[in-house]
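Geometric and topological summary
Here's the letter readout for the chains.
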Amino acid sequence: MKTQIFKIIAIALLAYASITGSASARADSNFLVLSTLALHFENFDERNTFTPGVGWEYSPSSKLGWHGGTLSDSFGYQSYYGGINYATRPLLANRLRFLVGASVVHKQFTKNGDPETKVLPFPAMEVKMSKYAVLNISGSPAVDFANQKNNAVLFFQYKLQLR
């Protein structure tokens, strides 16, 4: 069932990407995303720091975009994500952008727990390292509400802009 949900999301996002913006805008906004590290602020000794994964992101400046992919989560479970994002215009000599959005995430949220699907906020800071390479830093604060406990974490992704 969850696999079907992600297939539907992927098809919808690809259809959306094919009809948005000009060809040059699409080329400047398409990224191959390589997930790399997850730095946890609590219980870091119980979690994996190296979280390899691959995804795709369409994030035009000042427009609605999307993202999706798969990665090994902090407990080694093969997780999936997909969602929408909004990127600001580049700042500081075109080297810095901020992204906000939401992701549907299917992963193992607790040690030895069952995988769950949740909608999570997607805040990120993007630092342009070269003409085609970008470092994406995102994460979430520690959240404790309605019997939900979320560990504070920073995620690092390497994004390769494809033309």
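None of these values were measured; they are calculated from a predicted model.

Moving on, we come to the pairing of strand 1 (residues 30-40). Here strand 1 pairs with strand 2 (residues 50-58) via seven bridges, running antiparallel. Its bridge partner lying in strand 2, leucine 37 is registered against phenylalanine 50. As defined by bridge partners, strand 1 adjoins strand 11 (residues 153-161) across nine bridges and the pair is classed as antiparallel. Along strand 11, the bridge assignment pairs leucine 32 with leucine 160.

The subject of this paragraph is the environment of threonine 110. Along the chain, threonine 110 turns up in the loop between strand 5 (96-108) and strand 6 (115-121). Spatially, the C-alpha atoms of threonine 110 and arginine 47 are 9.8 Å apart, while their sequence positions differ by 63 residues.

Take the pattern of salt bridges next. As enumerated under the stated definition, the model contains three salt bridges in all. We note a salt bridge from lysine 159 to glutamate 57, for which the minimum N-O separation is 2.7 Å. Within this pair, whereas lysine 159 is found in strand 11, its partner glutamate 57 is found in strand 2, the two being separated by 102 residues in sequence. Accessibility assignment for this pair places lysine 159 and glutamate 57 in one class, buried.

Quick look at the packing of aromatic side chains now. For the coordinates displayed, the defined rule picks out zero aromatic pairs. The ring of phenylalanine 31 has lysine 159 lying over it, and the distance from NZ or CZ to the ring centre is 4.6 Å.

This paragraph deals with the nonpolar core. Counting residues in each nonpolar core, the largest one holds seven residues, listed as Phe31, Val33, Leu71, Tyr81, Val105, Phe109 and Val134. Setting aside residues up to four positions removed in sequence, valine 33 forms contacts with Gly53, Val54, Gly55, Trp56, Glu57, Tyr81, Gln157, Tyr158 and Lys159.

On to the side chain of serine 79, then. Within the element layout of this structure, serine 79 appears in strand 4 (residues 78-87). Overall, the relative accessible area of 3% leaves serine 79 in the buried class. Sequence-distant contacts of serine 79, defined by excluding residues within four places in its chain, comprise Gly69, Thr70, Leu71, Asp73, His106 and Lys107.

A few words on the confidence of the model for the protein chain. Per-residue confidence for the protein chain averages 79 on the pLDDT scale, and 75% of its residues sit at or above 70. Ignoring residues within four places in sequence, the model shows residues 17-27, a span with pLDDT below 50, making 10 contacts including any to other chains.

Attention shifts here to the environment of glutamate 126. Following the sequence through the fold, glutamate 126 ends up in strand 7 (residues 124-128). Sequence separation between glutamate 126 and lysine 159 is 33 residues, and the spatial gap between their C-alpha atoms is 9.3 Å. With near-sequence residues (within four places) excluded, glutamate 126 lies in contact with Phe31, Glu57, Ser59, Arg95, Leu96, Arg97, Leu99, Val134, Leu135, Asn136 and Lys159. Within the structure, glutamate 126 has its side chain in polar contact with the side chain of arginine 97 (distance 2.7 Å). Here the side chain of glutamate 126 touches lysine 159 through a polar contact of 2.5 Å, side chain to side chain.

Conventions used here
All chains use their own residue numbering, which begins from 1 and follows the written sequence. Two thresholds apply to this predicted model, a pLDDT of at least 70 for residue-level local features and 80 or more for giving and counting side-chain atom pairs, whereas whole-chain, interface and lining totals are computed over all residues. Computation of side-chain values: all heavy atoms of the structure, hydrogens and water removed. By this definition, two strands are paired if DSSP reports at least two bridges between them. Strands here are runs of E lasting at least two residues and helices are runs of H or I lasting at least four, both read from the DSSP assignment and numbered beginning at the N terminus. The salt bridge criterion pairs a side-chain nitrogen of Lys or Arg with a carboxyl oxygen of Asp or Glu, the two atoms within 4 Å. Accessibility here uses a 1.4 Å probe with only protein chains present; expressed as a share of the type maximum, an area under 20% marks a residue as buried, one over 50% as exposed, and anything in between as partly exposed. Any pair of Phe, Tyr and Trp rings, taking the six-membered ring for Trp, is counted once the centres come within 6.5 Å. Such a pair is stacked with planes under 30 degrees apart, edge-to-face with planes over 60 apart, and tilted for the rest. Counting as a charge over the ring demands two things of the Lys NZ or Arg CZ atom: a distance within 6 Å of the ring centre and an angle within 35 degrees of the ring normal. Only buried residues count toward a nonpolar core, which is a set of Ala, Val, Leu, Ile, Met, Phe, Trp, Tyr and Cys residues joined through side-chain atoms within 4.5 Å. Here, two residues are considered to be in contact whenever any of their heavy atoms come within 4.5 Å of each other. A residue's pLDDT is simply how confident the predictor is in it, with values from 0 to 100. Polar contact is defined as a pair of N or O atoms within 3.5 Å, subject to the rule that within protein one atom must be able to donate a hydrogen and the other to accept it, and that residues adjacent in sequence are counted only when both atoms are side-chain atoms.

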